[in-house]
Amino acid sequence: MSLFKKYSTTKLSANAVAMVGGGSNPMPGEISLAHNGVLFLYEFPEFPRQVLKELCQSIEDRTITVTRAKNTENYPACFLGL
């Protein structure tokens, strides 16, 4: 079974951690879970500025880097955003 979804949708209330990933034990967020699939962003212009900045950066880099005190995790982020 694949970790990645073919289609992922987000809610307007999604914060940067939910989108990018993170936590004390880093986990991938919706951007990485949509890798090689579609990330549907309902009401895209209404998302918080930080979330939009992270989306733009992930589209440019095709990867997400989550850094914590103990380690750094890189997650894939190649998706089609709608």
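As the structure is a prediction and not an experimental result, all values here were calculated from the model.

Asker: How would you sum up the overall build of the protein? Please name residues and give values.
Answerer: Summing up its helical and strand segments, the protein has three helices and seven strands in all. When the helices and strands of the protein are listed from N to C terminus, the series reads β-α-β-β-α-β-α-β-β-β. Within the span of the protein, comprising 82 residues, buried residues form 37% of the whole. Partitioning the intrachain contacts of the protein with sequence separation of at least 6 by distance along the chain shows that 64% fall at a separation of at least 24. A total accessible area of about 5400 Å² is found for the protein, and carbon and sulfur atoms account for 57% of it.

Asker: How would you sum up a nonpolar patch on the surface? Please name residues and give values.
Answerer: A cluster of nonpolar side chains, contributed by Phe 40, Tyr 42, Leu 80 and Leu 82, occupies part of the molecular surface with about 410 Å² of accessible area. Structurally, Leu 82 can be placed in the segment after β7 (80-81). According to the relative accessible area criterion, Leu 82 is exposed, its value standing at 54%.

Cut-offs and rules
- Residues numbered from 1 in each chain as written.
- Predicted model: local features only at pLDDT ≥ 70, side-chain atom pairs only at ≥ 80, totals over all residues.
- Heavy atoms only, no water.
- Helix = DSSP H or I, 4+ residues; strand = E, 2+ residues; numbered from the N terminus.
- Buried < 20%, exposed > 50% of the residue type's maximum accessible area, 1.4 Å probe, protein only.
- Contact = heavy atoms within 4.5 Å.
- Areas by Shrake-Rupley, 256 points an atom, 1.4 Å probe, with all protein chains shown as cover.
- Patch = residues over 30% accessible without salt bridge, like charges linked within 9 Å, V, L, I, M, F, W, Y side chains within 5 Å.
- Salt bridge = Lys/Arg side-chain N within 4 Å of Asp/Glu carboxyl O.

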